Amino acid sequence: MIVNFTLNGRARTVDVEPATLVSEMLRENLNLTGTHVGCDTSQCGACVVLFNGDAVKSCTLLAPALEGGTLMTIEGLAAKGGSNQLHPMQQAFHQNHGLQCGFCTPGMVMTAMAMVGKNPKPTEAEVRHGLEGNICRCTGYQNIVTSIIAGAAAMNAPATGD
Amino acid sequence: MSNIIGIGESPRRKEDFRFLTGRGNYVADMKRPDATVGVFIRSPHAHAAIRSIDTTAALALPGVEVILTGDDVAADGLGGMPCGWGISNAEGVPMKEPAFPMLAQGKVRFVGDMVAFVVADTLAQARAAAELVKINYDVLPAVVGVLEAVRPGAPQLFDDVPNNLCCDWEMGDKAAVAVAFRKAAHVARLSLVNNRLIGNPMEPRSAIAEYNAGTGHYTLWTTSQFPHVVRFLMAALVLNIPEQKLRVVAPDVGGGFGVKQFHYGEEAVITWAARRVGRPIKWVADRSEGFVSDRHGRDHVTEAELALDENGKFLALKVHTLANMGAYLSTFGPNIPTNLYAPLLGGVYTTPVIYCNVKVVFTNTVPVDAYRGAGRPEATFVVERIVDVAAAEMGIDRVEIRRRNIIPKEAYPYQTPMLVEYDSGDPMGCLEGALVAADVAGFAERKAASEREGKFRGLGYSTYVEACGLAPSRFAGRLGARGGLYESATVRVHPTGQVTVLIGTHNHGQGHETTFAQIISEKLGVNFENVDIVFGDTDRVQFGMGTYGSRSLVVGGAALSKAGDKVVVKGKKIAAHLLEAGEHDIEFKEGVFSVAGTDRSKTFQEIAGAAYVPHNYPLEVLEPGLEEQAYYDPINFTYPGGCHIAEVEIDPETGIVTLVRYTAVDDVGTVINPMIVEGQLHGGIVQGVGQALFEGAVYDEVSGQLLSGSFMDYTMPRADHVPNMNIQTHSTLCTHTPMGVKGCGEVGTIGSPAAVINSVVDALSHLGVQHVDMPATPNRIWRIIQNATMPQAAE
């Protein structure tokens, strides 16, 4: 079936089987492999994307549900084309060593984006609670929490203009 | 603009950009033209005879290319999965080493054992076909626990392995230990279980294989920590194909923790099948498949006894362990609960005599092998727990008993009674530092505050040491290793003076692309951004043993350092020619070759250019080009260690244990990148906290089904389970590695389980609790509290 939605700022029309999961559509049909699949039970959060601004696990969402909506994946956050410019949240993860093997990272960053969208100045406890749906096996979370707090601050900082 | 970034600095990681922008290249992300999809059919039974396999209906489905079974493996005369270690008992009798077929032949021995491989055009077709394969099993009684497996009358996995005993192994001086126990003023005894764990790296295992009929070359992309070892084992011992015609690539790998450091049957089957099918095949494990096929870790049952004199000095330690091997011997399997366990039972203490007996046992469970720490967390847990038990029984403070027994700094190098010689260390310095960092002085006040809230608070210590930097080949060979454990590195200087490093270790989160670049940036005076690190491809990198056992920096970094030294030596020769000076008059510093005492000099870039454009060059004595390679085999293990202090609060109403503070003061030798070392410690500690509080693989004792078979059932730490940790280093330098490094990948996982459980026991000590098995789940703790406070309700 045909599904129309906005993907990373661009209108898209995709022809998929109705039973296709969004994670599968992104990875197999659209070659957007930054969204990862780490479990079968919607526990790990490696597949988190933003759908209409909310963090959703793309392994639990069927492609037809995207109709008319707005989807943002890790690929849409920054660094278009050959640019090496990172979004402030990505930059915060880089600066604070908020990633190791990188597999959970796209889900962590997208979860962080949704979190900060709803709560521009999260506390450490709020960030830890907000990461309840994301598992990282490498970092022990400490630097991810630090990254999200720093990323939130950077996103809220007024533009310096220079 | 010079941008030399060297040892001790914390540049941000080079590898981050691709991961942060969704441009990582994991195996499951790759697509090959005309690829098929492979699905494994796995045994639903823990123990069964295969009576028949009927593939007729499945093969008739559209899109199905092939269905392979154990009969096809036998018909092609292929080998089984090899074990890299051969251990022996005290009389020198080798371990029992039953065949481990790629696909089951005649019998299945664990839930998840591979029975058949289905290849089809699409995943849906392959799964549909797998459903139609008719397999008739005669289900047999199964045994999953080690205590049950060695009992008379237990189900037998193999006809030629009586009592399921792979090896009755020992180390140490049994007679001397018996003498020491007779002199003891006190003997502390402890029975404990080291819980079975499942590593669960976030990226599931996966592979793609293809065969080029035109050249006879195979390529396997696989989620591996050691692609060269996979190539060697698979080519030489399993598939019998020419090693030079097999390329193994491990691209970005989403975490390993040991789970991906074995040669798996799936790798061999898919490579073999790719030639038969003539098209690429892709297999991606789903998580539930990973639970029943990724090698598990730990799973010990142990009885330990510590003899002490009247002052609390340790006289002798005696340890008897039953170690679960699962159904077959995995790549490193029998090495883990023996050679990587017993030698560490001395801990950081002066215990003069030790004896350890390990019965290595087969059961109807997933094969057990190395998981982060591998043997050393188990040893540390035994030692640090029984020290606390002894302290409690003798009425000696837990810090004081450690002070009385810790090896003093000036006693290093220290020969332990269990083969290993610690080259360097300062465990007392780590302990004293941790006491301050953890504010132990303020604990009584915090405990009182918890009590006012109706909570129990406890503090736990773990003063530990581990052996890593695996490993001196000669030493390992004596212990049963069937391969070497060196590492190799090539430093390829390009005509521009920019550098590519080709190294045999594998980076899957450890930050090698950054730390190894720092080593070369400093050594050659090359800008940090002008050094790239290449790994994980047998067609690009000369050779390597891979990444495990905290060896990458210790062994691989040493090879890299040596190769860098060779580049400098050759560069000096070129510079001497160009500057018309004697070779010994050339000095090299921060990227400049100069004639001592003069202002005549050449930059590293100019020397590289001259090496590749040798118009003015000593061609009669020196080859053009600037590329050097080194292999490094360590002369000893390295011995990182430290002191971890955990503080927990327990809610007696619910049994929930909350880790409220965690302090680690670790000695990892020279620190190349403090940011990365701290990150490794964070991650390692939280994995150890996972073992202590949450994680445990649970099998049904009758059916042998894995009950904890998904992320719904197997609890791993999440962000709100752990506090921010206080990490510090207290380094002594390794005396035998080129840079003084000791390794840091596993220390967190080794030190932390004991610290956490010791704090839990401390919190419950007023109830008379002496030991708590892992994981300390709310259910377990609540029952302990109920039994202690309401004895009449105990049953």
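Criteria and thresholds
Positions within a chain are numbered from 1, following the residues in the order the chain's sequence is written. Chains carry letters from A onward and ligands carry numbers from 1 onward, assigned in written order. Per-residue local features of the predicted model are confined to residues with pLDDT of at least 70, and side-chain atom pairs are confined, for both listing and counting, to 80 or more; whole-chain, interface and lining totals are unaffected and use all residues. For the purposes of this entry, the term helix denotes a DSSP run of H or I that reaches at least four residues, the term strand denotes a run of E that reaches at least two, and both are numbered from the N terminus. Exposed residues have 12 or fewer other C-beta atoms within 10 Å of their own C-beta, buried residues have 20 or more, and partly exposed residues fall in between, where C-beta atoms are placed from the backbone. By the criterion used throughout, residues are in contact when their C-beta atoms, derived from the backbone, lie within 7 Å. Only strands that DSSP links by at least two bridges are regarded as paired with each other. Where helices are involved, their axes are fitted lines through C-alpha atoms of the stretch in contact, as for all axes, and angles between N-to-C directions lie from 0 to 180°. In plain words, the nonpolar core is the set of buried Ala, Val, Leu, Ile, Met, Phe, Trp, Tyr and Cys residues that C-beta atoms within 7 Å link up.

A.B. asks: Please explain the overall build of chain B as it appears in this structure.
C.D. replies: From N to C terminus, chain B includes 20 helices and 30 strands. Reported as C-alpha extents along the three principal axes, the dimensions of chain B are approximately 95 × 75 × 55 Å. Relative to its full complement of 795 residues, chain B shows a buried share of 58%. Contacts in chain B between residues far apart in sequence, at least 24 positions, make up 80% of those at least 6 positions apart.

A.B. asks: Explanation requested: the sheet that holds strand 27 (residues 627–632) of chain B in the structure shown.
C.D. replies: Sheet strands line up and pair through hydrogen bonds in the backbone, either parallel or antiparallel. Residues and elements named next belong to chain B. Read from one edge of the open sheet, 4 strands run 23-22-21-27, paired in mixed fashion. A strand with exactly one partner marks an edge of an open sheet, and here the two such strands are strand 23 (531–534) and strand 27. Going from strand to strand, the sheet's axes swing by 15° on average, the running direction of each strand aside. Bridging between strand 21 (residues 487–493) and strand 27 involves 6 bridges; their strand directions are antiparallel. Each bridged residue has a counterpart across the sheet, and for Val491 the counterpart in strand 27 is Glu628.

A.B. asks: Please explain the sheet that holds strand 2 (residues 48–54) of chain B as it appears in this structure.
C.D. replies: All names here are of chain B. Within the open sheet, the 3 strands sit side by side as 4-2-6. Their pairing is antiparallel. In this open sheet, the two strands that pair with only one neighbour each are strand 4 (107–108) and strand 6 (134–139). Taken together, the 2 bridges between strand 2 and strand 4 define a ladder with antiparallel strand orientation. Bridging from a neighbouring strand, Ala49 pairs with Lys107 of strand 4.

A.B. asks: Looking at this structure, I do not really get the nonpolar core. What am I missing?
C.D. replies: The tendency in soluble globular proteins is for nonpolar side chains to be buried as a group. All names here are of chain B. Within the largest apolar cluster, 305 residues are counted, with the highest numbers of intra-cluster contacts made by Val118, Leu345, Val501 and Ile520. Among the elements that take part in this core, helix 16 (residues 552–578) stands out by supplying 10 residues, more than any other. The contacts of Val118, once residues within four sequence positions are left out, are Gly38, Val39, Ile41, Ala58, Val64, Ile67, Ala126, Ala129 and Ala130.

Shape is all these values report; function is a separate question.
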